[in-house]
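These are the residues of each chain, in order.
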Amino acid sequence: MPPRALSRAVVAFGALLRRHSLPLTSLQITDAVRALDHLDLGDRDEVYRGLRAVMVGRPEEAPIFDRCFEAFWRARSEADAVAEALAGPAMPEEAPGPALESEGARRERLALEGWSEGGDEDEGGEPLGVPAASELEAMTTRDFSTFGADQLDELLRLTEQIARRLARRLSRRRRPVRRRGRLDLRRTLRANLTRGEIIELRYRQRKRRKVRLVLLCDVSGSMDLYSRFLLQFLFALQRVFARVETFTFSVRLTRVTDVLRARSYRQVLRRLQEVRDWSGGTRIGESLAEFNRHWSHLVDRRTIVIVLSDGWDTGDPDVLATELLRIKRRAGRVIWLNPLLGNPSYEPLTRGMAAALPLVDHFAAAHNLAALRDLAGRLSL
Amino acid sequence: MREEIRKIQSLMEAAEYVTDAPVATSVHLALSLKKPLLIEGHAGVGKTEVAKVMARMLETNLIRLQCYEGLDASATLYEWNYQKQLLHIKLGEGAHKPVDQEEHEIFSEAFLLKRPLLQAITQEESPVLLVDEIDRGDEELEAFMLEVFSDWQVTIPEIGTIKATHPPHVVLTSNRTRELSDALRRRCLYLWIDYPTYEKEIAIVERKVPGIDARLASEVARFMESLRKVRLAKVPGVAETLDWAQALATLHADHLDEALVYETLGCVLKDADDIKRFRAEVGKAGLAPFLQVSG
């Protein structure tokens, strides 16, 4: 048995890690205490390595662990100093006051509401306040940017509704099987055991795996609005997919998957504002390069990669082409969405777009609800 | 440092594996706490090797379960040898045995094909069970493993429950093509293996390619360290280092020069774009930047 005081310290240390969002289980904390028995307690590095092996579950957690370890085992009695030393990764506890909430933020909050719920509250007929059919049709074919600020909330709600209905349809859809699959000898034998002859044949088929989505959304300038609709739409659809990974980019790339997974929209809002970078100019090529450097393991043959951008790239188009090609080699399909395509007079002449076009499998608009609905049809492999 | 950890380190060294304190500590804790060890890291840093070395070190069997997409959870446990069962039924056709006796016979252990998980729990001595590339398997498989790992017993309806008398030491590896579930992570000890440091890589090369020139080994390690900093589609791992060092040693090289590197580049870079990029870099400033201590 390790000394009582030390065991207790390890438990307290576990609590500290939890406060810094390491999802420790109580089993892990018990194991950490047990591990002390097998470590040289006089060797700080060894204790550090041992506790890390038990308490860290993924590489991203290691820096948090390191910081906490440093702070906790340096001056355990000075609890305040610990809190201060750890202020780095912590989130502000208070929600932003009303003064901080701009019009845009309010809209975004509404947009993010109810993403992770996947509930079926729209099961029993349309909620009140939904436009009549003809009006609805008109709304679905109008470009998002032509709506007034006051209509956007409603439009976002509508987007989510359509997506949920689609999700139900997509997950229910069954395809007729062309071939019967492989003979399942085990089941065949079982089924014919009492007959002595093989009469009834059983087949088996490979399980169909769900598709994964990787979204790379341009949030610079005018693209931000479209990105928001696409995100809203796809997140309402997310249970159709094995996984949805989301990144935003303008000058640099930010992974927002975890942010979007947050439970309460207040939290989501707060975090999304933190990751936002509003500086002008888009470097698509560089952003894709960064994606390839750190996140290429998310892409495989069962993955559809969607890039939403107008292709106005201030960077080098060759970089864009190289990096996009790299994605294309790994991915099942690459879809490029350009809202400007909704404008009949638009031609993809920007250098970035010209470089990207030959490399994408599908090029579409995503500028209105009807286009988003069409997109849903493309999201299977 | 704890005596056991030092011992593990020297045992691993004796088993031809160049190790460091984090690896040895994790292995030690996995053995003494009897917990699965989850190892992650880039391709080719020697994750699988840890399990192999553990088996050699403990002088026990290594049972390997290679995961792949679509691997059926039940197929990792056991299957019935249906061909043998069919033959048995055919052969016994004249005898008119009662059906339940027949069934009893063909669903006995003699007709059972033990797959890795079942093998692992029916050994005389705790083996090392390597679940390789678990990220390539489905999530259901992961859940199934967790269940097996929790009590080390398996129920085969026709035979009964088999409980492990000597539970295996489990090592899981993942290349992170898919995020593993928290449930699995939280139940394992975790080890991240990074690309080796310059010193460690020299040690690995000298250990695995006996007789290699000391200067060459150091240049190779330095070169690899620099190369991994270039933006590459396929970053070479330790396996590539060793292939290359072996090739160079076979050519009786004692130092690196441009011509030699170009001739043997295929051992290291395995992507056409990477080779192009590397050639462009060398074209600019020669080989020298790759052999300098990088800041």
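These numbers were taken from a predicted model, which means no experiment stands behind them. (Residues numbered from 1 in each chain as written. Chains lettered and ligands numbered in written order. Predicted model: local features only at pLDDT ≥ 70, side-chain atom pairs only at ≥ 80, totals over all residues.)

Observations regarding the overall build of chain A
Moving on, step 1. What chain A contains, in helices and strands, is 16 helices and 8 strands.
Moving on, step 2. Within chain A, the proportion of its 381 residues that are buried is 33%.
Moving on, step 3. For chain A, contacts bridging at least 24 residues in sequence account for 72% of all contacts bridging at least 6. (Helix = DSSP H or I, 4+ residues; strand = E, 2+ residues; numbered from the N terminus. Buried ≥ 20, exposed ≤ 12 C-beta atoms within 10 Å, placed from the backbone. Contact = placed C-beta atoms within 7 Å.)

Side note on the interface of chain B and chain A
Moving on, step 1. Taken together, the contact pairs 35 residues of chain B with 32 residues of chain A.
Moving on, step 2. Mapped by element, the contributors of at least two residues to the side of chain B that touches chain A are α2 (21-33), β3 (78-80), α4 (82-91), α5 (99-106), α8 (182-187) and β9 (189-193) of chain B.
Moving on, step 3. The dominant element in the side of chain B that touches chain A, judged by the number of residues it contributes, is α2 of chain B, at 8 residues.
Moving on, step 4. Taken together, the residues that form the side of chain B that touches chain A break down as 16 nonpolar, 8 polar and 11 charged. (Nonpolar A, V, L, I, M, F, W, Y, C, P; charged D, E, K, R; others polar.)

Things to note about the sheet that holds strand β8 (residues 169-174) of chain B
Residue and element names in this part refer to chain B.
Moving on, step 1. On the basis of which strands lie adjacent, the open sheet formed by 5 strands has the order β2-β5-β8-β1-β9 and parallel pairing. Across the chains shown, the open sheet's two edge strands, defined by having one partner strand only, are β2 (62-66) and β9. In this sheet, adjacent strand axes meet at a mean angle of 20° when their direction is disregarded.
Moving on, step 2. Of the pairings in the sheet, the one linking strand β1 (residues 37-41) to β8 comprises 4 bridges and is parallel in character. Considered in β8, the bridge of Leu 37 is made with Val 171.
Moving on, step 3. Contacting β1, β2, β5 (128-132), β8 and β9, helix α3 (residues 47-58) runs over the sheet at an angle of about 170° to β5. (Pairing = 2+ DSSP bridges. Axes fitted to C-alpha atoms, helices over the stretch in contact; angles between N-to-C directions.)

Describing helix α3 (residues 44-55) of chain A
Moving on, step 1. An ideal rise of 1.5 Å per residue puts 16 Å on 12 residues; α3 of chain A measures up with 16 Å between its terminal C-alpha atoms.
Moving on, step 2. Where α3 of chain A is concerned, the buried positions are Glu 46, Val 47, Arg 49, Gly 50, Leu 51, Arg 52, Ala 53, Val 54 and Met 55 of chain A. (Expected span 1.5 Å × (residues − 1).)

Regarding the packing of α3 of chain A against α2 of chain B
Moving on, step 1. Taken N-terminus to C-terminus, the directions of α3 of chain A and α2 of chain B make an angle of 60°; their axes are 9 Å apart at the nearest point. On the basis of the axis angle, α3 of chain A is oblique to α2 of chain B. For the crossing formed where α3 of chain A meets α2 of chain B, the hand is right-handed. Contacts from Glu 46, Arg 49, Gly 50, Ala 53 and Val 54 of chain A in α3 of chain A reach Ala 21, Pro 22, Thr 25, Ser 26 and Leu 29 of chain B in α2 of chain B.
Moving on, step 2. In terms of residue class, the contact of α3 of chain A with α2 of chain B is made up of 5 nonpolar, 3 polar and 2 charged. (Parallel < 35°, antiparallel > 145°, perpendicular 65-115°, else oblique. Left-handed = near helix turned anticlockwise from the far one by under 90°.)

Considering the pairing of strand β4 (residues 243-249) of chain A
Residues in a regular strand project their side chains so that they alternate between the two faces of the sheet.
Residue and element names in this part refer to chain A.
Moving on, step 1. Most of β4 sits out of view: 6 of its 7 residues are buried.
Moving on, step 2. Strand direction decides the pairing type here: strand β3 (residues 212-218) and β4, joined by 7 bridges, are parallel. If you follow Cys 217 over to β4, its bridge partner there is Thr 248.
Moving on, step 3. Where β4 and strand β5 (residues 253-255) come together, 3 bridges link them in antiparallel fashion. Looking across to β5, one finds that Phe 249 is bridged to Leu 253.
Moving on, step 4. Taking the residues that link successive antiparallel strands as the turn, the β4-β5 hairpin has 3 residues.

Functional significance is not addressed by these values, which are geometric in nature.
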